[in-house]
Amino acid sequence: MQQVHAKKFLGQHFLTDLNVARRIAETLTQGPVLEIGPGMGVLTQFLLKNPDIDLTAIELDRESVAYLKEWYPELKLIEGDFLKLDLNKLYPEGEFCVIGNYPYNISSQIFFKVLDYKDRIPICSGMIQKEVAERLASRPGKKAYGILSVLLQAWYDIEYLFTVDEHVFNPPPKVKSAVVRLCRNSRHELGCDEALFKTVVKTAFNQRRKQMRNSLQGIVRKGNPILNNEIFTKRPEQLSVEEFINLTKLIEPCQN
Ligand code: SAH
């Protein structure tokens, strides 16, 4: 059977280095696992070899699906869009892990969806653009620190595992890649309104150069004395997850 023809709009860059594929597959060791975007199955083959992993894969590209059915008839495969997949239907109960050499064009959306299921996804690992990996793992005060860093680090410990060069892909992407692993931390609740926490983080980082007194004006009632609190003179990249939680608690009773 012919190789799958790489389609740019699906973010298709097929990994050709089996050693890298094996190392990615080894970032998970057991349990129900969902692979996103298996393509021609370079990771899939290693995941299938692990008897402790119960693998399901979801692939949007019809040509890849045909290829996978031919080469991996034993694979539980869903043809469809991960972003539209009802995970409660696929996994009615219990925990499941997520893995992939992800489609880079939707990597942020994939992580936002993982966050929606954070209490059921203990580990999410795989390969993304290096720049996005740096954002996920970044500590406060760094240029890469942003919305995804805060929202994910509130619930996950993030490991930047290793960097991958562009020429182990066909076709090579324009950017370097990196493998990360997100492991659920022990936090059960934020102690503040979760939806407001997200809004505060997103709104503050939408104007990351500005003091939060200015960028959060739309959320806090005008002229409210809490705006004189020192924390509002800071810029969002200076705040740790804990400080964003405290800020949200402060804002909670004073919303617009
Ligand atoms: N894992 C393979 C392919 C990586 S390229 C490898 O390492 O070689 C990304 C893959 O994700 C492609 O196969 C692409 O078709 C698939 N994909 C893109 N968007 C998707 C979506 N929304 N849902 C599921 N799969 C998707």
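For the structure given in this document, a descriptive report is provided here. Owing to the predicted nature of the structure, the values given are computational and were not obtained by experimental measurement.

### Quick notes on the layout of surface pockets
Here the largest pocket defines a volume of roughly 650 Å³. Lining the largest pocket are 42 residues, with Q12, F14, G37, G39 and E59 sitting closest to its centre. Breaking the lining of the largest pocket down by element, the ones donating at least two residues are β1 (14–15), β2 (31–36), β3 (53–59) and β8 (169–170). Of the residues assigned to the lining of the largest pocket, the class counts are 25 nonpolar, 13 polar and four charged.

### Some remarks on helix α1 (residues 18–25)
For α1, the complete set of buried residues consists of V20, A21, I24 and A25. Buried residues of α1, viewed axially, fall in a sector of 135°; they line one side. Residues of α1 that are buried in the fold lie against β1, α2 (44–49), β5 (97–101), β6 (123–129), β7 (156–164) and β9 (177–184). Between the side-chain oxygen at the start of α1 and the backbone nitrogen of N19 there is a gap of 2.9 Å, and the oxygen is on D17.

### Describing helix α10 (residues 241–251)
By the burial criterion, the buried members of α10 are V241, F244, I245, L247, T248 and I251. On an axial view of α10, the arc spanned by its buried residues comes to 160°, and they lie on one face. As for α10, its buried residues are in contact with α7 (147–153), α8 (194–206) and α9 (212–215).

### A word on the site of the ligand
Near the ligand lie 20 residues; those nearest to it are Q12, G37, E59, D81 and N101. One of the side-chain N or O atoms of Q12 is found 2.9 Å from an oxygen atom in the ligand. One of the side-chain nitrogen or oxygen atoms of D81 is found 2.8 Å away from a nitrogen atom of the ligand. If the ligand stood free it would expose 580 Å²; the protein chains cover 98% of that surface. Only β1 and β3 provide two or more residues apiece to the shell around the ligand. Within the shell around the ligand, the residues separate by chemical class into ten nonpolar, seven polar and three charged.

### Focus on the pattern of salt bridges
Here the structure, examined in full by the defined rule, presents 16 salt bridges. One salt bridge connects D54 with K76, and the closest N-O pair in it is separated by 2.7 Å. A residue pair is termed long-range when its members are at least 10 positions apart, and D54 in strand β3 and K76 in strand β4 (residues 76–79) qualify at 22 residues. Given the relative accessible area of 40%, D54 is considered partly exposed. Its relative accessible area of 43% is what places K76 among the partly exposed residues. A salt bridge links E79 to R62; the nearest nitrogen and oxygen atoms lie 3.9 Å apart. Linking E79 in strand β4 with R62 in helix α3 (residues 62–71), this pair joins segments that are 17 residues apart in sequence. Residue E79 is classed as partly exposed on the basis of its relative accessible area, which comes to 44%. Looking at R62, the relative accessible area reads 65%, which means it is exposed. If you follow the salt bridges from partner to partner, you end up with K7, D61 and E63 in one network.

What counts and how
- Residues numbered from 1 in each chain as written.
- Predicted model: local features only at pLDDT ≥ 70, side-chain atom pairs only at ≥ 80, totals over all residues.
- Heavy atoms only, no water.
- 1 Å grid on protein atoms, 1.4 Å probe; cavity = no way out; pocket = protein on both sides within 12 Å on 5 of 7 lines; lining within 4 Å.
- Points joined across faces, edges and corners; volume = space filled by probe spheres on them.
- Helix = DSSP H or I, 4+ residues; strand = E, 2+ residues; numbered from the N terminus.
- Nonpolar A, V, L, I, M, F, W, Y, C, P; charged D, E, K, R; others polar.
- Buried < 20%, exposed > 50% of the residue type's maximum accessible area, 1.4 Å probe, protein only.
- Arc of directions from axis to C-beta.
- Contact = heavy atoms within 4.5 Å.
- Polar contact = N/O pair within 3.5 Å; in protein donor to acceptor, adjacent residues only side chain to side chain.
- Near = heavy atom within 4 Å.
- Areas by Shrake-Rupley, 256 points an atom, 1.4 Å probe, with all protein chains shown as cover.
- Salt bridge = Lys/Arg side-chain N within 4 Å of Asp/Glu carboxyl O.

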